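The lines below spell out each chain.
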Amino acid sequence: MPAVAETIETVSAVTEGGYKWGFETEIETELAPKGLSEETIRLISARKEEPEWLLAWRLKAFAAWQTMTEPHWARVAHPPIDYQDIHYYAAPRKKTPKSLAEVDPELLRTYEKLGIPLSERAALAGVEGGQVAVDAVFDSVSVATTFRETLAKAGVIFCPISEAVREHPELVRRYLGSVVPAGDNFFAALNSAVFTDGSFVFVPRGVRCPMELSTYFRINARSTGQFERTLIIAEDNAYVSYLEGCTAPMRDENQLHAAVVELVALNEAEIKYSTVQNWYPGDAEGRGGIYNFVTKRGACRGRRSKISWTQVETGSAITWKYPSCILQGEGSHGAFYSVAVTNNHQQADTGTKMIHIGANTSSTIVSKGISAGRSNNTYRGLVRIMPKAANARNFTQCDSLLIGDKCGAHTVPYIESRNATARVEHEATTSKIAEDQLFYCRSRGLSEEDSVNLIVNGFCREVFKELPMEFAVEAQKLLAVSLEGSVG
Amino acid sequence: MALLEIEGLCAEVEGKPILRGIDLALPIGEVHAIMGPNGSGKSTLAYVLSGREGYTVTGGSVRFAGQDLLAMEPEERAAAGLFLAFQYPVELPGVGNANFLRTALNAVRRARGEKEIDAINFLKEARAALRRLSMADEMLKRNVNVGFSGGEKKRNEVFQMALLKPRLAILDETDSGLDIDALKIVAEGVNALRGKDFSALVITHYQRLLDHIVPDRVHVLSAGRIVRSGGPELAKALEASGYAGLAAEAA
Amino acid sequence: MSAALQEVAEGFSARFRKLAPRLPGSAEARQRAASAFRARGFPDTRDEAFRFTNLRPLADVSFAEPDGADEAALALLARVPANEGPRLVFANGRFRAERSRLPEGFHVASFADEPMLDGAVADESAPLTVLNTMLAEDGAVISVPEGVDAGTLVLVSLGAGEAGRAVDFHPRHRVILAAGARLALIEIALGEGVYLHNPVMEATLGVESRLLHVKLQNESTRAFHLSSLHVGLDARATYEGFSLVSGARLARSEIHADIEGAGAMLAMNVAQLLDGERHADITAVIRHLAPGGSSRQAVKNVLTGRAQGVFQGKIAVDRVAQKTDGYQMNQALLLSDEAQVNSKPELEIFADDVKCSHGATVGALDPEQLFYLRSRGVPGREARAILVRAFLAEMIETIPHEWGRSVLENAVDSWWKDRPV
């Protein structure tokens, strides 16, 4: 079974209530004291037995962060975040396990509830015609990685980034921060200073990764921010498809999540990165929920390289996220497919940046925003054509759907072109579900809620078809759950 | 016993009275035609019966198989066996025809306490129905009505009807915009369903559809009332004399 | 704000302190604007509303108040297309009654005689209007009574200044249409040399009134044109605007429209034809504050040389503005390697039963179309002109006013004549 597929069934069997992933695991956790200082960073670095250069890199990021202020241009509002009131390190107390047999059984049970096939057998049994390798990040530490041997045979490295620092320092050192520099923005700088774990993927020249890779994130401990760092490198002619799923337990207070994902695609390489984000969105009154402030960026460095971001964002109290592509290599292609659903008091400000630097580069943006309840949903995107990007092409389609009259849908595209041979096309619409479509479905016997789900799924189809099949099924169900109670 | 009993039905649209007291009984197994000039209330009657919003019932009652039809939601009416073939079927971008139909079919089956149909059997049934209507399988893959020609949209309505197997079909000017071949296919689709458990209200402006779907009774609607009822010969008489004389008679 | 621009701002503030005792209209409104301007000064590119337009070039020039010897400006009247009806002439911002022809049947006065500073005064979101409110000395006050069709009124603004003796003027125009009134207002702005023209027009459109507004902005290529239009529409009122922008070294045209009455309609068509080092910015904020309104914005940029075109358009739909129909189309043609376009078409929607959309395209002329024309014998330059005019045609040809249309058509023609494309 893939990382998050069928979690709804699995999890609804063990939980109740609106947010079906809201259980907490009772395991022993080692917490760093609250607060952020050089000492905290030194502690994290020491616990992870990091080399000197990485500590120095973190401290530099921390110094940069201290000079920065939170960005306020996004259409999101939240009470001030006390960065000194957060635990920056939380780890299951037991030592890093060497094999699955050593993993805390309680932890394994949590993953079972989530529907994650941590054991290889379960994974094999669960997937029809495909295999998914999972790197599970439980709070801050990557607990176990499945399928490592199969991948190793193909030459693919898939491991926690902390392990990559030890085992493949030359690769990490070459690429870490090369797409998202340590001081890129407030949240990226914070992440660079304190990141505790994340995934590392390296697909060598000419290798087509034999299975979908997947990471499952879960924020468990109270008042911990999760700052994972993911780095994916595809060498010449390599291909990898990577899936990311996220959930968090229900809590009254807000939790901060500030991740950084960096992708590097060399000549003719292709990276597909898919996310189903279902962090706890807060309750119907807007209490609690995750603040999801994420920096994701891919560099298409090589000629004819390809990076595509596909995201289904249904969770989090606040989402601030702009997966971007730097299209540097001649003929490279970037894509962004997004479904963002907000309900109740959720706020999402999400979109992408496509920076066309090289000639003959192209990009596609398809964004579908659905607002319900009292939520606000903003698409914010930048398409920039640099003077050397001859014959660059961009197509953007950006649609918003409003369900109910208390929510807001906003579209803020920036289009900047400095090359006459480039062609940029942008289309956007905002509307509500048409009464006649609704009536048509109901007159065929569908309930109002089912009718809305059907129409909304149709609205999102262009994006769902970009997801691996199991993820697409999952995404459709998540959509229905997210919109529960928004009709009528 | 009558499947559909309409008594003194009055309805208005945006405050404007359209139906002014309709009385009509449709016995089980019969097909009745409703004819009338433009603006006489034919489509309003179809929408009121199927529960479209914006049509306010101001008087009268409608019983369908003994139930109070007007108290039911549109989907409940469908589950109870009522089917409206729309005059202008709407487009549903991104919604595949097969998925749409199976979802609808299973919703109706669930409501009726029947077992849901699985994908394989659904496809079998759907393909068989398509063949009977001389339609291509490719129809199932397309988005609902998107990019369909007028005739394709109408045939798609009849195809849906064939699968959903209603007890009462209301055909709202299904013949408008159809050429003679398409008209025959539509009529065959309806005739194939005819039997002791199937009734239909065929709403039409012209007599020509009634050459192919021969009704048991014909009702003439004018200014929101049924002004005359008779056998199939009434439609032929109207064809010859037109509606003008009738309207004068009614007034 | 850069230190240099700060200095310009301080110069204007000092000017205000000197002029304050003799400025017409509400002293209180002036003071409010002056303190807002002092607090904020000129916006810079960190300001979201000015991210694509840097006002820094204003600091290259030292400005002074016009000294009343406006003969150079008045001489330019010869370049204004002739019309027969009423015409109001302003030279360096001052109303020149002796060169004007006042209309009959509705009221026209100069702002100096009948100052009105009741509307947009110190709105934070419109810093250029704030500057105007602080320094406005003259302008046109136009008032059309209920049910009157006022016909056509031409408003001419001429500017002239020389390097080293550059002038700035901030005319304040007021248009009031009572219920059912109609007016076709044709505005022509041109000039020579170096100057800053910072006009504000406030238009109040009563129930079922209709304003047709045609504007030609053909300022001197060394001048600055910073204009703001604030229009409020009551129920079922119509504002229909057509403008052609081809002049000024740095231009910014702001349109702030508030749809305040149910069923009002606004259409705004703008074409910018820019070459050389021109920078021209169209910034429109259309706020739907009442149900059933519709707005249409069509903005076309044709850019060559090192010109920069900017379009920022926002449709904001309030919660009460159900059944709003908003549409925005923004197209740019880049005809040279170094031209640049920036656009930001924005939707901000809080009502659910609405239909809002926008589209934007940026590109060059279609090579297949070009080839087709050439294969039929049309030389390249002409073929390009044909295609560019086709691009502009739908905007200009639809102007429902013959003389107004001819003014813009002729301006496009002469633009082509003067430039090898």
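Since the structure is predicted, the reported quantities are computational estimates derived from the model, not experimental observations.

### Things to note about the overall build of chain A
- A count of helical and extended segments in chain A gives 12 helices and 23 strands.
- Within chain A, the proportion of its 488 residues that are buried is 66%.
- In chain A, of all internal contacts separated by at least 6 residues, the share reaching a separation of at least 24 is 84%.
- Of the accessible surface of chain A, which amounts to about 16800 Å², a share of 48% is contributed by carbon and sulfur atoms.

### Points about the overall build of chain B
- Along the backbone of chain B there are nine helices and 10 strands.
- Computed over its C-alpha atoms, the radius of gyration of chain B comes to 18 Å, within 12% of the 18 Å expected for a compact globule of 251 residues.
- Once the C-alpha set of chain B is aligned to its principal axes, its extents read approximately 55 × 40 × 35 Å.
- Residues counted as buried form 51% of the 251 residues belonging to chain B.
- As displayed, chain B has an accessible area near 10700 Å², and 50% of this comes from carbon and sulfur atoms.
- Distance from the positive charge centre (30 side chains) to the negative charge centre (32 side chains) of chain B: 4 Å.

### As for the confidence of the model for chain A
- Within chain A, residue pLDDT values average 81, and 78% of them lie at 70 or more.
- Scored below 50 in pLDDT, residues 1-17 of chain A makes 49 contacts in the model with residues more than four places away or belonging to other chains.

### Here's the deal with the interface of chain C and chain A
- Between chain C and chain A, the contact holds 34 residues from the first and 31 residues from the second.
- Together chain C and chain A conceal approximately 2600 Å² of surface at their shared face, both sides included; 49% is due to carbon and sulfur atoms.
- Seen at the junction of chain C and chain A, the total is two salt bridges.
- Where chain C packs against chain A, one counts 17 residue pairs in polar contact (both at pLDDT 80 or more).
- If you list the elements that add at least two residues to the side of chain C that touches chain A, you get β21 (340-349) and β22 (355-363) of chain C.
- Sorting elements by how many residues they give to the side of chain C that touches chain A places β21(C) first, with 10 residues.
- Looking at side-chain class alone, the side of chain C that touches chain A contains 14 nonpolar, 10 polar and 10 charged residues.
- Sheet topology places strand β22 (residues 408-417) of chain A next to β21(C); six bridges connect them, and they run antiparallel. For Ser417(A), the partnering residue across the bridge sits in β21(C) and is Val341(C).

### Some thoughts on the packing of aromatic side chains
- Considering all chains together, one arrives at 29 aromatic pairs over all chains under this definition.
- Centroid distance Phe439(A) to Phe86(B): 6.0 Å. Interplanar angle 75 degrees. Geometry classified as edge-to-face. Of this pair, Phe439(A) sits in helix α10 (residues 435-443) while Phe86(B) sits in the loop between β6 (82-85) and α3 (97-111), each in a different chain. Here Phe439(A) and Phe86(B) have matching classes, each one buried.
- Connected via pairs of aromatic rings, a cluster forms that spans Phe62(A), Trp65(A), Trp73(A), Tyr83(A), Phe186(A), Phe187(A), Tyr291(A), Phe293(A), Trp320(A) and Tyr322(A).
- A cation over a ring is seen here: Arg52(B) above Tyr47(B), with NZ or CZ 4.7 Å from the ring centre.

### Description of the packing of α3(B) against helix α5 (residues 150-164) of chain B
Residue and element names in this part refer to chain B.
- It is at 10 Å that the axes of α3 and α5 come closest, and there the two elements cross at 35 degrees. Crossing angle aside, the handedness with which α3 passes α5 is right-handed. Together, Asn97, Phe100, Leu101, Ala104, Leu105 and Val108 of α3 and Asn156, Phe159, Gln160, Leu163 and Leu164 of α5 make up the contact between the two elements.
- Residue composition of the contact of α3 with α5, grouped by class: eight nonpolar, three polar and no charged.

### Remarks on helix α12 (residues 469-482) of chain A
- Under the 1.5 Å per step criterion, the end-to-end length of α12(A) is 20 Å for 14 residues, consistent within 8% with the ideal 20 Å.
- Of the residues making up α12(A), those classed as buried are Phe471(A), Ala472(A), Glu474(A), Ala475(A), Leu478(A), Leu479(A), Val481(A) and Ser482(A).

### Things to note about the sheet that holds strand β2 (residues 16-27) of chain B
All names here are of chain B.
- Strand order in the open sheet made by the four strands is β2-β1-β4-β5, with antiparallel pairing throughout. The open sheet has two free edges, formed respectively by β2 and β5 (67-68), since each of these has just one partner strand.
- Sheet strands in contact with helix α1 (residues 42-50) are β1 (2-13), β2 and β4 (55-64), and its direction is about 110 degrees off that of β1.

### Section: helix α6 (residues 180-193) of chain B
Residue and element names in this part refer to chain B.
- Spanning 14 residues, α6 covers 20 Å between terminal C-alpha atoms, matching the ideal 20 Å at 1.5 Å per step.
- Those residues of α6 lying buried are Ala182, Leu183, Ile185, Val186, Ala187, Gly189 and Val190.
- Of the surrounding secondary structure, the elements contacted by the buried residues of α6 are α5, β7 (168-172) and α7 (208-212).
- The backbone nitrogen of aspartate 181 has a side-chain oxygen 3.2 Å away, supplied by the residue at the start of α6, namely aspartate 179.

### Details of empty space enclosed by the protein
Residue and element names in this part refer to chain C.
- Evaluated as defined, the whole model comprises nine cavities of 30 Å³ or more.
- When its volume is computed, the largest cavity comes out at roughly 240 Å³.
- Residue lining of the largest cavity: 24 residues in total, with His213, Lys215, Leu229, Ser243 and Ile255 positioned closest to the centre.
- Looking at the lining of the largest cavity, the elements with two or more residues in it are β11 (200-205), β12 (210-218), β13 (224-233), β14 (238-245), β15 (250-259) and β16 (265-274).
- The greatest single-element share of the lining of the largest cavity, amounting to five residues, is contributed by β14.
- As for the second largest cavity, its lining consists of 14 residues, of which Asn92, Leu135, Glu137, Phe169 and His170 are closest to the centre.
- Within the residue set of the lining of the second largest cavity, elements represented by two or more residues are α1 (3-19) and β7 (166-169).
- For the lining of the second largest cavity, a count of residues per class yields six nonpolar, three polar and five charged.

### Some details on the interface of chain A and chain B
- Each partner contributes to the interface: chain A provides 17 residues, whereas chain B provides 33 residues.
- Approximately 2000 Å² of surface area, both sides summed, lies buried where chain A meets chain B, with 61% of it carried by carbon and sulfur atoms.
- Broken down residue by residue, the surface that chain A buries against chain B is led by Phe439(A), Tyr440(A) and Arg444(A), which jointly contribute 39%.
- Across the contact surface, chain A and chain B share three salt bridges.
- The partner of Glu75(B) in a salt bridge is Arg442(A), and the shortest N-O contact between them spans 2.9 Å.
- Remark: the boundary between chain A and chain B carries nine residue pairs in polar contact (both at pLDDT 80 or more).

### Topic: the nonpolar core
- Membership of the largest hydrophobic core comes to 114 residues, with the highest contact counts inside it found for Ile370(A), Val456(A), Leu4(B) and Phe159(B).
- For this core, the element with the most residues is helix α11 (residues 448-464) of chain A, which contributes eight residues.
- Those residues in contact with Ile370(A), other than ones at most four positions away along the chain, are Val339(A), Ala340(A), Val341(A), Thr342(A), Asn377(A), Leu401(A), Ile403(A), Val456(A), Phe459(A), Cys460(A), Leu479(A) and Leu483(A).

### Some thoughts on the sheet that holds β6(B)
All names here are of chain B.
- Within the open sheet, the six strands sit side by side as β6-β7-β8-β3-β9-β10. Their pairing is mixed. Edge positions in the sheet fall to β6 and β10 (225-230), since each has one partner strand and no second. Neighbour-to-neighbour, the strand axes of this sheet turn through a mean angle of 20 degrees, independent of strand direction.
- The pairing of strand β9 (residues 217-222) with β10 spans five bridges and is antiparallel. Bridge pairing in β10 places leucine 221 opposite isoleucine 226.

### A word on the pattern of salt bridges
- Under the criterion given, the structure shown has 64 salt bridges over all chains.
- With a shortest N-O distance of 2.9 Å, Glu262(A) and Arg229(A) are connected by a salt bridge. With Glu262(A) in strand β11 (residues 260-265) and Arg229(A) in strand β8 (residues 229-234), the pair connects residues that are 33 residues apart, well separated along the chain.
- Taking the relative accessible area as the measure of exposure, Glu262(A) reaches 0% and is therefore buried.
- In this structure, Glu466(A) and Lys465(A) form a salt bridge, with 3.6 Å as the shortest nitrogen-oxygen distance.
- Here Glu466(A) falls in the buried class, since its relative accessible area comes to 18%.
- Owing to a relative accessible area of 58%, Lys465(A) belongs among the exposed residues under this scheme.
- Here the residues in one salt-bridge network are Lys432(A), Glu435(A), Lys323(C) and Asp353(C), joined through shared partners.

So, how was this worked out
- Residues numbered from 1 in each chain as written.
- Chains lettered and ligands numbered in written order.
- Predicted model: local features only at pLDDT ≥ 70, side-chain atom pairs only at ≥ 80, totals over all residues.
- Heavy atoms only, no water.
- Helix = DSSP H or I, 4+ residues; strand = E, 2+ residues; numbered from the N terminus.
- Buried < 20%, exposed > 50% of the residue type's maximum accessible area, 1.4 Å probe, protein only.
- Contact = heavy atoms within 4.5 Å.
- Areas by Shrake-Rupley, 256 points an atom, 1.4 Å probe, with all protein chains shown as cover.
- Rg over C-alpha atoms; globule rule 2.2 N^0.38 Å.
- Lys, Arg positive; Asp, Glu negative; His and termini not counted.
- Charge placed at Lys NZ, Arg CZ, Asp CG, Glu CD.
- pLDDT = per-residue confidence, 0-100.
- Buried area = accessible area lost by both parts, 1.4 Å probe.
- Salt bridge = Lys/Arg side-chain N within 4 Å of Asp/Glu carboxyl O.
- Polar contact = N/O pair within 3.5 Å; in protein donor to acceptor, adjacent residues only side chain to side chain.
- Nonpolar A, V, L, I, M, F, W, Y, C, P; charged D, E, K, R; others polar.
- Pairing = 2+ DSSP bridges.
- Phe/Tyr/Trp six-rings, centres within 6.5 Å; stacked < 30°, edge-to-face > 60°.
- Lys NZ or Arg CZ within 6 Å of the ring centre and 35° of its normal.
- Axes fitted to C-alpha atoms, helices over the stretch in contact; angles between N-to-C directions.
- Left-handed = near helix turned anticlockwise from the far one by under 90°.
- Expected span 1.5 Å × (residues − 1).
- 1 Å grid on protein atoms, 1.4 Å probe; cavity = no way out; pocket = protein on both sides within 12 Å on 5 of 7 lines; lining within 4 Å.
- Points joined across faces, edges and corners; volume = space filled by probe spheres on them.
- Core = buried A, V, L, I, M, F, W, Y, C linked by side-chain atoms within 4.5 Å.

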